[in-house]
Amino acid sequence: MGIDAHESPKHLRLSLAAAMSLGFRPGQFYRGARLHCLNLLLTYEDGCHANCTYCGLARGGGAYAERSFIRVEWPTYATGEILARARERKSNFERVCLSMIMHPAALDDTLELTGRLSRECDQPLSVLVNPSAMRDGDIEELRSAGADMATVAVDAATPALFDANRGKAVSGPHRWERYWATLEEAAVAFGRNRFGCHLIAGLGETEREMLATVQRLRSMGGRSHLFSFNPERGSALEGNDPCRPDHFRRVQLGRFLIDYDIVDFNSMEFDEHERVVGFGLKGAELDRLVDSGVPFMTSGCPGKTRLCACNRPFGDGPPSDIRSFPFNLDDQDVLQVRKQLATYPEVPAASVLDVEA
Ligand code: SF4
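Residues numbered from 1 in each chain as written. Predicted model: local features only at pLDDT ≥ 70, side-chain atom pairs only at ≥ 80, totals over all residues.

1. Observations regarding helix α10 (residues 331-341)
Residues of α10 that are buried: Val337, Arg338 and Leu341. Along the axis of α10, the buried residues cluster in a sector spanning 100 degrees; they form a single face. Close packing links the buried residues of α10 with α8 (245-259) and α9 (283-292). (Buried ≥ 20, exposed ≤ 12 C-beta atoms within 10 Å, placed from the backbone. Helix = DSSP H or I, 4+ residues; strand = E, 2+ residues; numbered from the N terminus. Arc of directions from axis to C-beta. Contact = placed C-beta atoms within 7 Å.)

Here it is as structure tokens:
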């Protein structure tokens, strides 16, 4: 357990969006986006002990409390003050989420905070667990302590990319097999649709590889929460290009079809570059789904009334280049998405959608 006054469990970091929603910070979001999940992160003076290439929290990146995570600032506040404000303004939120980091105190503090958050917040609680800091049986402990869902940030879509960005190749503690073993545990402890994983598109995977991983999780009963890679300042990948929009759009649409049991991965078709050229759904049905915009909205844990409460406004792209829409798409947004879906760079057009439709 942290002993410093500004460490967890007495203190937590919260996303800038959450800090704005609770009135800790001024400001409003572009196009009136509202946050529907209170996203919380453990905090320690010596920070995260892992070394993921794409993460602003990786060890050696400077003072932990000043580092960004998913490209936004996460200010630190007293846990009691956060909970008091969350109770006052609870109508904004449909879920609370607690994220672990790699730290010796993280597991005990997460268990303690899970109990406290579930008692003191009148909202379902997700825990974004770190399998490298857990033992067999800890997932069930979290459920007993009051967690409503457990999610694992697998992030990289293949074992090779996982190792290169999080594992042995970067002297990191994380292991692909351990992560999937934790997901198996979560499937048993929480049940169908009550567990999931984070996946980042644009770390070098093909569309086929990403959607095969989405299907693997869906076959276990879980759902994937997608992020579009956007280089984080201070991370090892800060010089890399962001995920291409066409790649992300096809992965978003494929993920939605798989996660909501509309189409199986094996019914999808891919070109020689492993890009989706057939989603396994007839034209009119696919058109209706694309026009609804829903597959391109942020994917994350659900709320009482929302398919996704955790809408992370502009967490993986700026307002000028929205990747995960935190609100319903308008006609212009859908038109832009259609163009991106139908783009296959440096390869003769192999569109599955009529851009003019
Ligand atoms: S999708 Fe959101 S609420 Fe769910 S575990 Fe991830 S960060 Fe937390």
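2. Digging into the pairing of strand β4 (residues 95-99)
Across the five residues that make up β4, a large majority, five, are buried. Neither face of β4 is open: one carries Arg95, Cys97 and Ser99, the other Val96 and Leu98, and all of them are buried. The pairing of strand β2 (residues 37-41) with β4 spans five bridges and is classified as parallel. Looking at β4, one finds that Leu38 is bridged to Val96. (Pairing = 2+ DSSP bridges.)

3. Brief notes about the site of the ligand
Taken together, Cys37, Asn39, Arg95, Cys97, Ser126, Leu128, Thr151, His198, His225, Gly300, Cys301 and Cys310 make up the full set of residues adjacent to the ligand. Breaking the shell around the ligand down by element, the ones donating at least two residues are β2, β4 and β5 (125-129). Its residues assigned to classes, the shell around the ligand shows five nonpolar, six polar and one charged. (Near = placed C-beta within 6 Å. Nonpolar A, V, L, I, M, F, W, Y, C, P; charged D, E, K, R; others polar.)

4. Remarks on the pairing of strand β8 (residues 223-228)
Of all six residues in β8, six are buried; the element is thus mostly enclosed. Burial along β8 is two-sided: the residues Arg223, His225 and Phe227 and Ser224, Leu226 and Ser228 are all buried. Where strand β7 (residues 195-201) lies against β8, six bridges are found, and the strand directions are parallel. Pairing of His198 across the sheet is with His225, part of β8. Where the polypeptide runs from β7 across helix α7 (residues 207-220) and back to β8, its parallel neighbour, the crossover connection is right-handed. (Right-handed = clockwise from strand over helix to strand, strands pointing away.)

5. Some thoughts on the packing of α7 against α8
The geometry of α7 relative to α8 is characterised by a closest axis approach of 10 Å and an angle of 20 degrees between their N-to-C directions. By the angle between their directions, the pair α7 and α8 is classed as roughly parallel. Two packed elements cross with a definite hand, and for α7 against α8 that hand is right-handed. Note on element contacts: α8 touches α7 through His247, Arg250, Val251, Gly254, Arg255, Ile258 and Asp259, opposite Glu207, Met210, Leu211, Val214, Gln215 and Arg218. Taken together, the residues of the contact of α7 with α8 sort by class into five nonpolar, three polar and five charged. (Axes fitted to C-alpha atoms, helices over the stretch in contact; angles between N-to-C directions. Parallel < 35°, antiparallel > 145°, perpendicular 65-115°, else oblique. Left-handed = near helix turned anticlockwise from the far one by under 90°.)

6. Structural notes on the nonpolar core
Ala150 and Ala201 are the most contacted members of the largest nonpolar core, which totals 95 residues. Top element by residues in this core is α8. It accounts for six residues. When sequence neighbours within four positions are dropped, the list of residues in contact with Ala201 reads Met210, Leu226, Ser228, Phe229, Cys243, His247, Phe248 and Val251. (Core = buried A, V, L, I, M, F, W, Y, C linked by C-beta atoms within 7 Å.)

7. Some details on the sheet that holds β5
Pairing in this open sheet of eight strands is mixed, and the strands run β3-β1-β2-β4-β5-β6-β7-β8 from one edge to the other. For this open sheet the edge positions go to β3 (76-78) and β8, each flanked by a neighbour on one side alone. Looking at each pair of strands side by side, their axes are set apart by 30 degrees on average, direction ignored.

8. Thoughts on the environment of Glu177
With respect to the helices and strands, Glu177 occurs in helix α6 (residues 176-190). C-beta crowding within 10 Å serves as the criterion here: with 10 such atoms nearby, Glu177 is assigned to the exposed category. Sequence separation between Glu177 and Thr206 is 29 residues; the distance between their C-alpha atoms is 21 Å.

These results come straight from atomic positions and should not be treated as a statement about function.
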